[in-house]
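So you can see what is in the structure, the chains are spelled out below.
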Amino acid sequence: MPTPAPAPSGGHRREQLLDAADRVVQREGPAASMNTIAAEAGITKPILYRHFGDRNGLIGALTERHTAGLLTAVRAALTEPLERRDQVEHVIDTYLAAIESRPQVYRLLTHPEPGDPTGAGNALAPALRQIAEEITGAVQRQVDLGADGPLLSEAWGRAITGMVLAAGDWWLEQRPCPRARMVQALADLLWGRLAAAAALPPVLPPVTPPTGDG
């Protein structure tokens, strides 16, 4: 007789359940039920509750999964060794590609259902604050804005994040143009002052002097 496959570990099983929840949300949207998710995973609803507590816990776990991935992608885009205009477009494209790849999950994290007491529709807000801080830091490190640099970098970090969020939301809903055209349109809007500012020299790590043997 064949040897039975080992049962998945707790962490691996949790990821499998989140995969199932992802698939259901992608098909059915933010109103996906625990019953449907449990059926997709091939388990009973009490087992799903055992892993996540309740629907809020499941939504929280999905939020953590997707916002962590989005933050990682944006951070990587901000550190790519690209020309400034190319980097602006790359960061915008990274965000739009992320929401385009899982539009129903994005809607779950940004658009509350009528009367939804869970606050799931505001789940992306903490990640957006972190993205704004990442953009602020990148502007501070890379762009010479003179004496107003601290103020402008903070303002721009939040303004860029809000602009791309609102424009991306509209673009995902209406699909008025291909993603590449939307990226170009948003980058054109940002480009004026960014193009005029000088680049700051890269910050090099401190050099540790070699140690001798005596």
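A look at the side chain of R85
At step 1: Summarising the element assignment, R85 is placed in helix α5 (residues 84–101).
At step 2: In this structure the side chain of R85 is engaged in a polar contact, spanning 2.7 Å, whose partner is the side chain of D188.
At step 3: Sequence-distant contacts of R85, that is, excluding residues within four places in its chain, are made with Q184, A187, D188 and W191.

With respect to the side chain of R84
At step 1: In this structure, R84 sits in helix α5.
At step 2: Buried charge without a partner: R84 forms no salt bridge, and the closest opposite charge is E83, 7.7 Å away.
At step 3: At 2.3 Å, the side chain of R84 forms a polar contact with the backbone oxygen of L194.
At step 4: Excluding residues within four positions of it along the chain, R84 makes contact with Q142, V143, W191, L194, A195, A197, A198 and A199.

Quick notes on the layout of surface pockets
At step 1: Volume-wise, the largest pocket comes out at about 330 Å³.
At step 2: For the largest pocket, the lining is made up of 15 residues, of which Q87, R141, Q142, A199 and L200 are closest to its centre.
At step 3: Elements supplying a minimum of two residues to the lining of the largest pocket: α5 and α7 (125–142).
At step 4: In terms of residue count, the dominant contributor to the lining of the largest pocket is α5 (three residues).
At step 5: Considered class by class, the residues forming the lining of the largest pocket number eight nonpolar, three polar and four charged.
At step 6: In this structure, the second largest pocket encloses a volume near 250 Å³.
At step 7: As for the second largest pocket, its lining consists of 15 residues, of which H66, L70, A98, I99 and S101 are closest to the centre.
At step 8: Elements represented by at least two residues in the lining of the second largest pocket include exactly α4 (55–78), α5 and α6 (103–110).
At step 9: At six residues, the largest contribution of residues to the lining of the second largest pocket is made by α4.

Side note on the packing of α7 against helix α8 (residues 149–174)
At step 1: Interhelical geometry of α7 versus α8 gives an angle of 135° and a closest axis separation of 8 Å. The orientation of α7 with respect to α8, classified from their angle, is oblique. For the pair α7 and α8, the sense of crossing is right-handed. Contacts from L128, I131, A132, E133, I135, T136, V139 and Q140 of α7 reach α8 at P150, S153, E154, W156, G157, R158, I160, T161 and L165.
At step 2: Classifying every residue of the contact of α7 with α8 gives nine nonpolar, five polar and three charged.

Focus: unusual backbone geometry
At step 1: In this structure, R175 takes a positive phi of about 50° despite not being glycine.
At step 2: For R175, the location among the structural elements is in the loop between α8 and α9 (179–196).

Here we look at α9
At step 1: An ideal rise of 1.5 Å per residue puts 26 Å on 18 residues; α9 measures up with 26 Å between its terminal C-alpha atoms.
At step 2: For α9, the principal kink sits at L190 and spans about 50°.
At step 3: When we look at burial in α9, the residues that qualify are M182, V183, L186, A187, L190 and L194.
At step 4: On its buried face, α9 is in contact with α5, β1 (143–144) and α8.

Some thoughts on the confidence of the model for the chain
At step 1: Residues of the chain with pLDDT of at least 70 account for 85%, and the chain-wide mean is 85.
At step 2: Within the chain, α5 carries the highest mean pLDDT (95), whereas α6 carries the lowest (85).
At step 3: Ignoring residues within four places in sequence, the model shows residues 1–7, a span with pLDDT below 50, making zero contacts including any to other chains.

Conventions adopted
Here the residue numbering is sequential within each chain, running from 1 through the sequence in written order. Only residues with pLDDT of at least 70 get local features here, since the model is predicted, and only at 80 or more are side-chain atom pairs given and counted; chain-wide, interface and lining totals rely on the full set of residues. Here the side-chain values reflect all heavy atoms present in the structure, with hydrogen atoms and water set aside. Each helix is a run of H or I in the DSSP string that is no shorter than four residues. Each strand is a run of E no shorter than two, and both are numbered from the N terminus. Within 3.5 Å is the distance limit for a polar contact, defined as a pair of N or O atoms, with the added protein rule that one can donate a hydrogen and the other accept it, and that residues adjacent in sequence qualify only through two side-chain atoms. What makes two residues a contact is simply this: any of their non-hydrogen atoms within 4.5 Å. Three labels apply to residues, based on accessible area from a 1.4 Å probe with only protein chains included: buried if under 20% of the type maximum, exposed if over 50%, partly exposed otherwise in between. Positive: Lys, Arg. Negative: Asp, Glu. His and the chain ends are not part of the count. Salt bridges, as used here, are contacts in which a Lys or Arg side-chain nitrogen is within 4 Å of a carboxyl oxygen on Asp or Glu. A pocket, in this scheme, is an open set of points on a 1 Å grid over the protein atoms alone with protein on both sides within 12 Å along at least 5 of 7 lines, while a cavity is a set where a 1.4 Å probe fits but cannot get out; residues line either one if an atom lies within 4 Å of a point. Grid points are joined across faces, edges and corners, and a volume is the space filled by probe spheres set on the points. Three residue categories are used. Nonpolar comprises Ala, Val, Leu, Ile, Met, Phe, Trp, Tyr, Cys and Pro, charged comprises Asp, Glu, Lys and Arg, and polar comprises the others, including Gly. Between N-to-C directions, angles cover 0 to 180 degrees, with each direction set by a line fitted to C-alpha atoms, over the stretch in contact for helices. Roughly parallel refers to an angle under 35 degrees, roughly antiparallel to one over 145, roughly perpendicular to one between 65 and 115, and oblique to any angle outside these ranges. Helix crossings fall into two classes, left-handed where the near helix is turned counterclockwise from the far one by less than a right angle and right-handed where it is turned clockwise. To estimate the expected span of a helix, count its residues, drop one, and scale the result by 1.5 Å. Bend, in this description, refers to the angle at a residue between axes fitted to the seven residues ending there and the seven starting there. Scored from 0 to 100, pLDDT reflects the predictor's confidence in each residue.

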